[in-house]
Amino acid sequence: MDSKLPHVGTTIFTVMSQLAQDCGAINLSQGFPSFEPDARLLDLVTQRLHSGANQYAPMTGVPALRQAIAAKAGRLYDRGVDADAEVTVTAGATEALFCAIHAVVRPGDEVIVLDPAYDSYEPAVTLAGGATLHLPLVSSAERPELHIDWQRLRDAITDRTRVVMLNFPHNPTGTVLGPGDLDTLAEVVRDTGILIISDEVYEHIIFDGASHLSVLRHDELWQRAFVISSFGKTYHATGWKVGYCVAPEALSTEFRKVHQFNCFCVVSPIQHALADFMQLDPAYPDGLADFYQQKRDQFCALMRESRFRFVPAAGTYFQVLDYSAISAEDDIGFARRLTREIGVASIPVSVFCASHPPTRTLRFCFAKDDDVLKQAATLLCEL
Ligand code: PMP
Ligand code: GLN
């Protein structure tokens, strides 16, 4: 078969979750919580399932949900958004990313991604006929946390650059944007036709008192951006696969042209229930930062007893651990061995990187009950 994606295999999330299951290992690989959504939300889903919300939803999303998303953009990011023209509900952030890329990337266009880059970006760009340019996030003595190398990004831009992809808080490294980053990006893309696709699925999971620097906050960048999020992360419901894209009307119009022939519309009762819940408790997401910060702190405190080295994540529900003091193996081999022999599954970070050599780091998901984190840490501390 002459594959359109010759270098793509089964995703690392599927591979590692399957290996964890086969080995009976604690699964800190694929990112999903080990706890349930809020009971009030589950009740609302049940009610909606039993009250006739079981046929196709409107193509762009249930109006009440689009309005709740627009209200959130106003409340958190001070962005006035037209719920009818600028919000589209999607089958998870994954579908939104795919639609945004396919709406704007033509054969020959270049898309800049920052490595480590979430694994769904490049295949979508390839299928659209585009080329992906990988630039590494960097760290330096003056700025030890991973960040964007602006000079390198400026130098990478050509007249074929169509999109810069952002993902902050960042999966897998947990790094976040610095205060000047959005202004610098605005300056870099000013007077170009470059668009921004901003994957903000971890927008509410940000630690140590920082607030999320959404592209929605930025008057200039917002004009050229698709801002994407996921209810899966925010409501502990990754299996529902509901997300959304907020973009100015002209971009949303193009986005919807792809969405309507990709998915057409998204699971109806869940959309209604999410809208109900967002009206009932609009501030629910505000509690996530503290909730996950406690988990991060617990996991990091336990791991300080180990030979792994790390800088605590600034956001997301992932912690990257460096195992170079333990083994010289490559990260894919080491992650497999840890799963089989130690009983803890993780994600090797090199699978997210095309721009630099494999690292000796693994990503662990700490969206787990405290006893699961304790058990995993006990096993990892034996190494
Ligand atoms: N982007 C990033 C950075 C993610 O981590 C994820 C899922 N973990 C997604 C997109 C996809 O989100 P969804 O499950 O809503 O499709
Ligand atoms: N985004 C999740 C992660 O980073 C996994 C999603 C998936 O399995 N496709 O672990």
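Everything that follows concerns the structure shown earlier in this document.
Residues numbered from 1 in each chain as written. Chains lettered and ligands numbered in written order. Predicted model: local features only at pLDDT ≥ 70, side-chain atom pairs only at ≥ 80, totals over all residues. Heavy atoms only, no water.

## Some details on the sheet that holds strand β9 (residues 318-322)
- Within the open sheet, the three strands sit side by side as β9-β12-β11. Their pairing is antiparallel. Only two strands of the sheet have a single neighbouring strand rather than two, namely β9 and β11 (347-348).
- Bridge count between β9 and strand β12 (residues 361-365): five bridges; the pairing is antiparallel. Opposite Q319, over in β12, you have F364 as the bridge partner.
- Along the sheet, helix α12 (residues 288-303) contacts β9 and β12; its crossing angle with β9, the most-contacted strand, is approximately 15 degrees. (Pairing = 2+ DSSP bridges. Helix = DSSP H or I, 4+ residues; strand = E, 2+ residues; numbered from the N terminus. Contact = heavy atoms within 4.5 Å. Axes fitted to C-alpha atoms, helices over the stretch in contact; angles between N-to-C directions.)

## With respect to the packing of aromatic side chains
- Across all of its chains, the model carries 21 aromatic pairs by this definition.
- A ring pair is formed by F291 and Y292, whose centres lie 5.0 Å apart and whose planes are at 75 degrees; its orientation type is edge-to-face.
- A relative accessible area of 33% means that F291 is categorised as partly exposed.
- On the accessibility criterion, Y292 (0% relative accessible area) is buried.
- Arranged with centres 4.1 Å apart and planes meeting at 20 degrees, the rings of Y323 and F334 form a pair that is stacked. In this pair, Y323 is assigned in the loop between β9 and α13 (331-342) and F334 in helix α13, connecting sequence segments 11 residues apart.
- By relative accessible area, F334 is classed as buried at 0%. (Phe/Tyr/Trp six-rings, centres within 6.5 Å; stacked < 30°, edge-to-face > 60°. Buried < 20%, exposed > 50% of the residue type's maximum accessible area, 1.4 Å probe, protein only.)

## Considerations on the site of ligand 2
- As a structural note, the neighbourhood of ligand 2 is formed by F13, Q30, G31, Y118, N171, K233, F318 and R363.
- At 2.6 Å, a backbone N or O of G31 approaches an oxygen atom of ligand 2.
- Note that an oxygen atom of ligand 2 is positioned 2.7 Å from one of the side-chain N or O atoms of R363.
- Across the shell around ligand 2, the residue classes tally to three nonpolar, three polar and two charged. (Near = heavy atom within 4 Å. Polar contact = N/O pair within 3.5 Å; in protein donor to acceptor, adjacent residues only side chain to side chain. Nonpolar A, V, L, I, M, F, W, Y, C, P; charged D, E, K, R; others polar.)

## Description of the packing of helix α2 (residues 39-49) against helix α11 (residues 268-280)
- The interhelical angle for the contact between α2 and α11, taken along N-to-C directions, is 135 degrees, at an axis separation of 8 Å. It follows from the interaxial angle that α2 and α11 lie oblique. Seen from above, α2 lies across α11 with right-handed handedness. Facing α2, whose interface residues are R40, L41, L44, V45, R48 and L49, α11 presents P269, I270, H272, A273, L274, D276, F277 and L280.
- Tallied by class, the residues present in the contact of α2 with α11 amount to 10 nonpolar, one polar and three charged. (Parallel < 35°, antiparallel > 145°, perpendicular 65-115°, else oblique. Left-handed = near helix turned anticlockwise from the far one by under 90°.)

## Focus on the sheet that holds strand β7 (residues 225-230)
- Reading across from one edge, β2-β8-β7-β6-β5-β3-β4 is the order of the seven strands in this open sheet, with mixed pairing throughout. Each having just a single partner strand, β2 (87-90) and β4 (131-136) make up the two edges of the open sheet. On average, each strand axis in the sheet is tilted by 20 degrees relative to the strand beside it, whichever way the strands run.
- With respect to the sheet, helix α4 (residues 92-104) is in contact with β2, β5 (161-167), β6 (195-199), β7 and β8 (243-246), its orientation differing from that of β7 by roughly 165 degrees.

## Digging into the state of the cysteines
- As enumerated under the stated definition, the model contains zero disulfides in all.
- Between C99, a cysteine without a disulfide, and C263, which holds the nearest cysteine sulfur, the sulfur-to-sulfur distance is 7.4 Å. (Disulfide = S-S within 2.5 Å.)

## What about the layout of surface pockets?
- The volume enclosed by the second largest pocket comes to roughly 700 Å³.
- As for the second largest pocket, its lining consists of 33 residues, of which P144, E145, L146, T173 and V311 are closest to the centre.
- By residue number, the principal contributor to the lining of the second largest pocket is β9, which donates five residues.
- Its residues placed into classes, the lining of the second largest pocket shows 18 nonpolar, nine polar and six charged. (1 Å grid on protein atoms, 1.4 Å probe; cavity = no way out; pocket = protein on both sides within 12 Å on 5 of 7 lines; lining within 4 Å. Points joined across faces, edges and corners; volume = space filled by probe spheres on them.)

## Digging into the pairing of β4
- Pairing of strand β3 (residues 110-115) with β4 involves six bridges; the strand directions are parallel. Bridge assignment links D115 to a residue of β4, and that residue is P136.
- For the segment spanning β3, helix α5 (residues 121-127) and β4, crossover handedness is right-handed. (Right-handed = clockwise from strand over helix to strand, strands pointing away.)

So, to be careful, I would describe these as geometric facts and stop short of saying anything about function.
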